[in-house]
Structure formats: C-alpha cells, structure tokens
Amino acid sequence: MGRMIGIDLGTTNSLATYIDDNGEIQFIKNEYGNILIPSVVGIDENDAIIVGELAKERRMMNAGETASNFKRRMGTDAKIKVKNRTFDAQMLSSFVLKHLKENAEKQLNEKINRAIISVPAYFNDKQRRDTKMAAELAGLTVERLINEPTAAAMSLGSHILDQNLKFIVLDLGGGTFDVTLLETFENIMEVLSISGDTMLGGEDFTTKICEIFLKNIKLSIADLSRDERTKLYTKADRAKKLISLKNVEIEMEIKGKKYKSEITQENFRETVKPLLVKMKVAIDKALQDGNTDAREIEKVILVGGAVKLGIIEEFVEKYFHKMRGEKIYFNNDDFIENNKLVSIAADPDTVVAYGVGIAVGMKERNKVFKERILTDVCPFTLGTEIVGRRFAPIIPRNTTVPTSRSEYFYTIEDYQSQVTVGIYQGESLNIDDNLFLGEFLLDVPQNLAGKEAINVRFTYDINGILEVEAKVVSTGVKKSKLIINGDLSEEEKNEKIKMLKEIKIQSENKNKDKLLLERANRIYAEIVNTEIRNHISDYLENYKMVVATGDRIRIQKTKKNFSEFLDKIDPEINDMSVEDILKDFEDETEEEDMKEEDELEFWN
C-alpha cells in the first residue's frame, strides 16, 4: 500500500501535502521549488503535455495551446481544444493530479497511490464523481473527498475548535464560492449547512476589469484575437491585486495600436456589485438552511486566494455588522486576526491544502493528530421522480451525513408490472431541471392502481456515495443501485487510460531550461515600452549565445543574471512603473561603467 497525500485541486492553483516522520504537515514542491502549482495544461512545440508554471508562461503567447479554468467545467460534457487535441475537464484535471503525484514521488522517493482530495462544498454528485475519475486516471485511489471550507475549518487549531463556537467559513477561490456554517463543541465539529455558487470566483472579478478596460477604449471582446484576450486577462488579473490600494492603469497593444486606460476604484466597485449580490444570496441561503440568525455568528473566516481582494473583506464586514449588533472577541491566536468578527486566514492560498493534510493524518490514525468527530452535510437534495415529471425529495439538502431515509410510493396504473426508480439531485420541482444520477427497474405484482406500495430508501455517506434501494412491500422483493466512481464503463475508462499512456509528457529537465525563455517571451509581450523590450531582447540573445558555448559555469552565471533581470521587470511580481525600471537601468549602467573605468586604471 503506497503513501497517501492530501490534494487541493484548485481552479487557479493546486497544492499537495504529506505527513512527515515527525507528524508535521509539509507541502510538496515542484521542480522549481514552489508549492503553488498553476492549474494550467498545455501542449508544447513537440506535442508534449506540459503542466504548471511552464504552461502558464506559454499561455500568453500560445493561448490556443493551453487550457486553464477547466475546473469550472467538471461534471459537464464540454470539450476543450488544446492545440491539435480535444480533452474534457476530467482528463485535464488528471494531468494536474498526475503532476502533483509525480512531484510527491520525487520529493519523498516512494510510491504515491492514495489521496484525499478537496472539492468545492457546492459541487454536485457528477462533479464529485468526475474528480474521483480524474484521480483514478492519474493513478490515485481517492480515500475521501472533503469539502474545501470544511478542510479550511480543520486548520483553525484546537484553541479555536475546542470552544463552543458557531462560525461561518467563506471560501472564494479562483472559480467557485462556498459558504459553510459550522458549530464546534469539545471534539465535535458539525457542519450545519452549506451553500455556494460554482460559477463565482476571483476569475469573475478579473473579467469585470477586462470589461471596464474595453469599455474605456471603446472596443469589445470580439475585437481581440485569442492571444490578445489572454494578454488582457493576465494584465487585468494583475490589476485586480492592486485595485484595493489605488487606481490602476492597463496598457497594451491591440492590432498594432497601443491603448492605455485607468481603472478607478470607484468604477471597479460599481462594476462588481452584481458579483457581491451573488455572494449575499449564497450567505443568506446558508444561514436560512442552518436555522441561524446572523447575530448568532461568532466568527467569519475568509479563505481562498480571491479574498485578498480588499472589497471582499469590506463587503462581508458590512453584511454581518448590518445583520448583528455586537462583536464577539477571542483571545490571541496565531491563525486568525485578533479582535475582529471577520478575519482572513493567515495564508488563504494554502489553508485548504493544510486542512486536507490534517484529514490525511486523521485517516492514517497518526497519533500526532487529535481525533475529532467531523460531521458533514449533503450539498443538494436527493430524490426520485413521480407522476407528472415532478421531483419527490427523499434526503433534503443540508441533511447531516451519513444518513438513510425512505419514502413510500404507489403504482399509478392498473396491472402495471414494473416501476422505474429514477435517481435525481437538485432543488427544482420540475424533474428535468435536476441532475439525473441513474435509474433501475423493479418488478411489481400486477394489481389495481395504488394497491402496490414501494418503499424507496436513499442512503448517503460522508464520501458522497449514494445507495438507492427499492422494496416491494407486498412481496419483500428488493433491488438497489450504488452511485459511485462516475458514469464511465470499464471499456470507456480503459480507453481513456490508454489515451493518457500514448500522450507524451515533457521531462522536468527540459522544463527547467525552457521556463526562463518562456518567461522572457511572456514579459516581452506584456511590456509595451520599446526601450525595455530592447533590453529583454539583448539579454535573450546573450543567453542563447552563452548556452551555445556549452560552458556550464558561464551558462549558470548568465542564467542567474538573466533571471534576476526578469525579476526586476516582471509585472507578475514587481509593481514598478516604466520610468522607475528605466531609471534602474541607467543607475546600473553608470555603476558598470565606473567599475570598468576603475579596472582600466588598475591595469594601466
């Protein structure tokens, strides 16, 4: 039996954790030493699959050869074209999971074949099954799927969770928003209700900035090529990180013409109001389903990368302080800010992955991890179909799991010999608006309408496995169906596995050499200033010339200098103006000239 890891499979970034020999939770690093792995998949010029940082760097210049944000399409039949191949979200996710698995095997020097994976709390059954299948295609057995906000709550530590506390976790990731209402008592952490929106996340706030920019320059998204759209999105995403502090400026070239526009904080606030309304609706729903008044909430924890956007914390503060009178304070703790009703997790990007690591420790019964009873809830209502294409709920949403519930149904026609037990998930009275999970036929004695009763029992466990059993009351005959591990037949699954084996995966060593060049190309495409572009071009040509010499020491030195230069000008990590960058170049040139003069004087 191989080692188990914890995985946070995110829309924007993914992470993996493991338990070390001392019982400490550690993060898996990639070949560049980073723990945040971009959830981006691409195909390079050699038709090899690339995952993570290299794929992300190539995205701007090769948008048609990369795929991102595909987590939002989990559970759908959507096809995503990447260069000359077509994938679904399940397969693209399997590439990311396989990459995380291989990073773990390299770091730990042992086989990894089991994992606990986090999913949005509001993922439906098909989205959860697609996640399990993606893991299986990557060579991982899923020991458990854990809801992301629940994992985040587990990270809070005993000094919070041992209190009698009713709190709420708001998880705004790159592509999804989850609301989880929880209550703790001694060693029990109970999920009271969950709500959310699988089509609301940080990506949507970025899109709003794109809309503002295009409106300001009087263009539409249709006027941009695919590469230009990707370039604008990248610039908007960077602007989003600064908009809470100041007005931001976006400058880019479209169809050979340079455009520049300021995005003001006021304009941004006005434009994102519909997104904040969607957040409010989800929070209202969770409180209502949990029979909880907002005044009962003693702490609100914000997690997910998108909560670093200042307007999110401000909105949540206003929402809860408007709904309640007094604040409740806690003693000092390391994880969340002291003396605040609403607090952002210390590291919102990694808190879910850390919580999944705790779940791994508890699953392995590691003595370092305190045993805690954790209850969860069913995210959507489960039920069957009745006459008139109507939905008959059996397990209401937010029912604590594991649970088993049954209802009686009756034949509707004289002398019918069979009934169809349809299995659905959703909240609509109209059966066609809900998610179809499966069905089976049950033989019944022929009798007058309404004379034969069928007891239908739904049993749902903490791993999201649903068993449906139907029993004919008069005969005791039973039939059941287990909804687990996706809709793929063995033949379809084997076909996908075969396809994955035939796909070429780029080697890590080549990735390391290519990342610097791709990064330089990406920055060149982003920066409009001609003088800075010339500097990049000079560095790039010099690096290629040195690489051609084969002198390893000289190559490493040049590579280091080139990387440091890119660090200074990369908009991804450095918010310097063009003027400041050029001034830096002038200062460095003067220092180099003085150094050369000193050396000449010495030799003369």
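Residues numbered from 1 in each chain as written. Predicted model: local features only at pLDDT ≥ 70, side-chain atom pairs only at ≥ 80, totals over all residues. Heavy atoms only, no water.

A.B. asks: Teacher, can you tell me more about the overall build of the protein chain here?
C.D. replies: Within the protein chain, the regular secondary structure consists of 16 helices and 28 strands. Within the structure as shown, the protein chain displays about 28,500 Å² of accessible surface, and the carbon and sulfur contribution to it stands at 47%. (Helix = DSSP H or I, 4+ residues; strand = E, 2+ residues; numbered from the N terminus. Areas by Shrake-Rupley, 256 points an atom, 1.4 Å probe, with all protein chains shown as cover.)

A.B. asks: What exactly am I supposed to notice about the pattern of salt bridges here?
C.D. replies: Any two side chains of opposite charge can pair, on the condition that their charged atoms come close. If you walk through the whole model with that rule in mind, you get 33 salt bridges. Here Lys 83 ties to Asp 47 by a salt bridge, and the two come within 3.2 Å at their closest N and O atoms. Remark: Asp 47 occurs in the loop between β5 (40-43) and β6 (49-51) and Lys 83 occurs in the loop between β8 (80-82) and β9 (85-87); sequence separation between them is 36 residues. A relative accessible area of 24% means that Lys 83 is categorised as partly exposed. Between Arg 522 and Glu 57 there is a salt bridge whose closest N-O contact spans 2.7 Å. Placement of Arg 522 in helix α13 (residues 508-526) and of Glu 57 in helix α1 (residues 53-59) is noted, with a sequence separation of 465 residues between them. Pair check on accessibility: Arg 522 and Glu 57 agree, each one buried. What you see here is one network of salt bridges that share partners, running through Asp 44, Glu 45, Arg 58, Glu 65, Lys 514 and Glu 518. (Salt bridge = Lys/Arg side-chain N within 4 Å of Asp/Glu carboxyl O. Buried < 20%, exposed > 50% of the residue type's maximum accessible area, 1.4 Å probe, protein only.)

A.B. asks: Looking at this structure, I do not really get the sheet that holds strand β26 (residues 453-460). What am I missing?
C.D. replies: Strand pairing within a sheet occurs via backbone hydrogen bonds; the two strands may be parallel or antiparallel. What the four strands build is an open sheet, ordered β23-β26-β27-β28; its pairing is antiparallel. Two strands close off the open sheet at either side, each with one partner strand: β23 (403-410) and β28 (478-483). Shown here is a sheet whose adjacent strand axes are inclined to one another by a mean of 15 degrees, direction ignored. With eight bridges joining them, β23 and β26 adopt antiparallel strand pairing. In the sheet register, Ser 406 faces β26, and the bridge partner there is Arg 457. (Pairing = 2+ DSSP bridges. Axes fitted to C-alpha atoms, helices over the stretch in contact; angles between N-to-C directions.)

A.B. asks: Would you explain the nonpolar core in this entry?
C.D. replies: Grouped burial of nonpolar side chains is what soluble globular proteins tend to show. Counting residues in hydrophobic clusters, the biggest one holds 52 residues, and the most contacted among them are Phe 213, Ile 312 and Phe 320. With seven residues, helix α9 (residues 273-289) is the single largest residue contributor to this core. Contacts of Ile 312, omitting those with residues within four sequence positions, involve Leu 172, Phe 205, Leu 276, Met 279, Ala 306 and Val 307. Counting 40 residues, the second-largest nonpolar core is a separate cluster that includes Val 82, Val 96, Leu 97 and Leu 100. (Core = buried A, V, L, I, M, F, W, Y, C linked by side-chain atoms within 4.5 Å. Contact = heavy atoms within 4.5 Å.)

A.B. asks: I keep staring at the environment of Gly 6 and nothing clicks. Help me out?
C.D. replies: With respect to the helices, strands and loops of the structure, Gly 6 is situated in strand β1 (residues 3-8). Judged by its relative accessible area of 1%, Gly 6 is buried. Between the C-alpha atom of Gly 6 and that of Ile 28, which follows or precedes it by 22 residues, the distance is 9.7 Å. Other than its neighbours up to four places away in sequence, Gly 6 contacts Leu 15, Ala 16, Thr 17, Ile 116, Val 356 and Val 360.

A.B. asks: How should I be thinking about empty space enclosed by the protein in this particular structure?
C.D. replies: To locate leftover empty space, one rolls a probe as large as a water molecule over the atoms. Going through the model one piece at a time under the given rule, you end up with five cavities of 30 Å³ or more. What the largest cavity holds in volume is close to 90 Å³. Contributing to the lining of the largest cavity are 14 residues, with Arg 128, Asn 147, Val 377, Ile 462 and Gly 464 lying nearest its centre. If you list the elements that add at least two residues to the lining of the largest cavity, you get β11 (141-147) and β19 (373-377). Residues that form the lining of the largest cavity fall into these classes: seven nonpolar, three polar and four charged. Two domains each provide a minimum of three residues to the lining of the largest cavity, namely domain 1 (3-159 + 350-371) and domain 3 (380-507). (1 Å grid on protein atoms, 1.4 Å probe; cavity = no way out; pocket = protein on both sides within 12 Å on 5 of 7 lines; lining within 4 Å. Points joined across faces, edges and corners; volume = space filled by probe spheres on them. Nonpolar A, V, L, I, M, F, W, Y, C, P; charged D, E, K, R; others polar. Domains from an automatic or database assignment.)

A.B. asks: Would you mind going over the sheet that holds β5 with me for this structure?
C.D. replies: The strand order across the open sheet formed by three strands is β6-β5-β7, and the pairing between neighbours is antiparallel. The sheet is open, and its two borders are formed by β6 and β7 (66-68), each paired with just one other strand. Here the strands of the sheet are splayed against their neighbours by 20 degrees on average, with no regard to which way each runs. As judged from the three bridges shared by β5 and β6, these two strands associate in the antiparallel manner. Looking at the pairing, Gly 42 lines up with Ile 50 of β6. Packing of helix α2 (residues 89-108) onto the sheet brings it into contact with β5, β6 and β7, and relative to β6 it is tilted by some 65 degrees.

A.B. asks: Explain the environment of Met 4 here, please?
C.D. replies: Looking at where Met 4 falls in the secondary structure, it is placed in strand β1. A sequence separation of 136 residues divides Met 4 from Leu 140, and the C-alpha atoms of the two residues are 9.1 Å apart. Excluding residues that lie within four positions of it along the chain, Met 4 makes contacts with Arg 114, Ala 115, Ile 116, Glu 143, Val 360, Lys 363 and Glu 364.

A.B. asks: Before we go on, may I ask you to explain helix α14 (residues 530-549) in this structure?
C.D. replies: Counting along an α-helix, one turn takes 3.6 residues, and residues three or four places apart therefore face a common direction. Look at α14: 29 Å from first C-alpha to last across 20 residues, which is about the 28 Å you get at 1.5 Å a residue. Among the residues of α14, Ile 532, Arg 533, Ile 536, Leu 540, Tyr 543 and Val 546 are the ones counted as buried. Axial view of α14: buried residues confined to an arc of 155 degrees, hence all on one face. Exposed residues on α14 whose side chains face more than 90 degrees from its buried face are Asp 538, Met 545 and Ala 548. Among the residues trailing α14, Gly 550 stands out with phi positive, at a value near 80 degrees. (Expected span 1.5 Å × (residues − 1). Arc of directions from axis to C-beta.)

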